Amino acid sequence: MLASSALLATALLASSAPRGNTVLGKDLGERMFTIAVSGRMGILLGGGDVVVRPPLGFGFGLKLAFYALKLGPMRFGLAFHGGHTRYPGRQDVAVVSDSGSSTTRRRWSILSHTDIALGPHFQVPAGPVFFEFGAGGGLGVSSYRRVVDADPANDDATVAYDPLVRADLTLGVPIRNNQGIAIGADLQKYFSSTRVVTVPGAPMGAEPDSVVFDLTLAVTVAYQMWF
């Protein structure tokens, strides 16, 4: 009898939820878990724009968040973020054939950031949507592979492991059965002292001159689930 009553209550709740989004009716005191997989459009705001023109990139990200406590009109919890973003910079290099004629070949220098971070997070239900925001700290693995000439074996590569801090904000829209999309942005600051060569055409082994693992902004579009 009790099992039948519970099943009936669950069915009534699901039928009353818009498009099966039962999470929209959850009390703030109830725990909630969410996962999101996003595509990123990265923008270099700090020193990285010295080596990548235009300072735009692409990548992906993962968010895992658990909201355990009611805090006024919102839920409070922890969130893990991780991802990877690449910023390609086009460069045309000269190629001299055996006959002495010269042509150009297009190659790409690559600046990239791989990031993991953990920190406090907040969720604010607002009618049919969720606002989620927070901050955190973690580790960034950054690299820059600079084209020197037409031979990839001569590329100048630099790798750095640095602490980072981040802040993010997303607007989540459950569409059906507690699944939907989330649109947002995140800002990441890398605390790096690693210098790389930024002078175009500088030979391999040239003296590093700039810190380019710095500040990034990413606009994100995600597929998100709420539990």
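The following refers to the structure shown. Just so we're clear, the structure is a prediction, and the values are computed from it rather than from any experiment.

Turning to the overall build of the protein chain, a few remarks are in order. A tally of helices and strands in the protein chain yields one helix and 10 strands. In summary, the protein chain has a C-alpha radius of gyration of 23 Å against a globular reference of 17 Å for 227 residues, an excess of more than 25%. Projected onto its principal axes, the C-alpha coordinates of the protein chain cover approximately 90 × 35 × 25 Å. When each of the 227 residues of the protein chain is scored for burial, the buried share is 41%. Excluding contacts between residues fewer than 6 apart, the proportion of contacts in the protein chain whose partners are at least 24 apart in sequence is 68%. Split by element, the accessible area of the protein chain, about 11800 Å² in all, is 67% carbon and sulfur.

Turning our attention to the pattern of salt bridges. Opposite charge on two side chains permits them to pair, given that their charged atoms come into close proximity. For the structure shown, the criterion picks out seven salt bridges. Across the pair R146 and D156 runs a salt bridge, and its minimum N-O distance is 3.3 Å. Here R146 is found in strand 5 (residues 129–146), whereas its partner D156 is found in strand 6 (residues 156–176), with 10 residues between them in sequence. Side by side, R146 and D156 carry an identical accessibility label, which is buried. Here D168 and R166 are joined by a salt bridge, their closest N and O atoms 3.7 Å apart. The burial state of D168 is the same as that of R166; both residues are buried.

Counted by the stated rule, this structure contains two cavities of 30 Å³ or more. Looking at the largest cavity, its volume works out to about 180 Å³. In terms of lining residues, the largest cavity is bounded by 17 residues, among which S38, K63, H81, D186 and T220 are the most central. For the lining of the largest cavity, the secondary structure elements donating two or more residues are strand 1 (32–44), strand 2 (56–71), strand 3 (74–96), strand 6, strand 7 (179–190) and strand 10 (215–226). For the lining of the largest cavity, a count of residues per class yields five nonpolar, seven polar and five charged. Volume-wise, the second largest cavity comes out at about 40 Å³. What lines the second largest cavity is R40, T85, Y87, H113, D115, Q188, Y190, T216, L217 and A218. In terms of residue count, the dominant contributor to the lining of the second largest cavity is strand 10 (three residues).

Reading guide: rules and limits
Residues numbered from 1 in each chain as written. Predicted model: local features only at pLDDT ≥ 70, side-chain atom pairs only at ≥ 80, totals over all residues. Heavy atoms only, no water. Helix = DSSP H or I, 4+ residues; strand = E, 2+ residues; numbered from the N terminus. Rg over C-alpha atoms; globule rule 2.2 N^0.38 Å. Buried < 20%, exposed > 50% of the residue type's maximum accessible area, 1.4 Å probe, protein only. Contact = heavy atoms within 4.5 Å. Areas by Shrake-Rupley, 256 points an atom, 1.4 Å probe, with all protein chains shown as cover. Salt bridge = Lys/Arg side-chain N within 4 Å of Asp/Glu carboxyl O. 1 Å grid on protein atoms, 1.4 Å probe; cavity = no way out; pocket = protein on both sides within 12 Å on 5 of 7 lines; lining within 4 Å. Points joined across faces, edges and corners; volume = space filled by probe spheres on them. Nonpolar A, V, L, I, M, F, W, Y, C, P; charged D, E, K, R; others polar.

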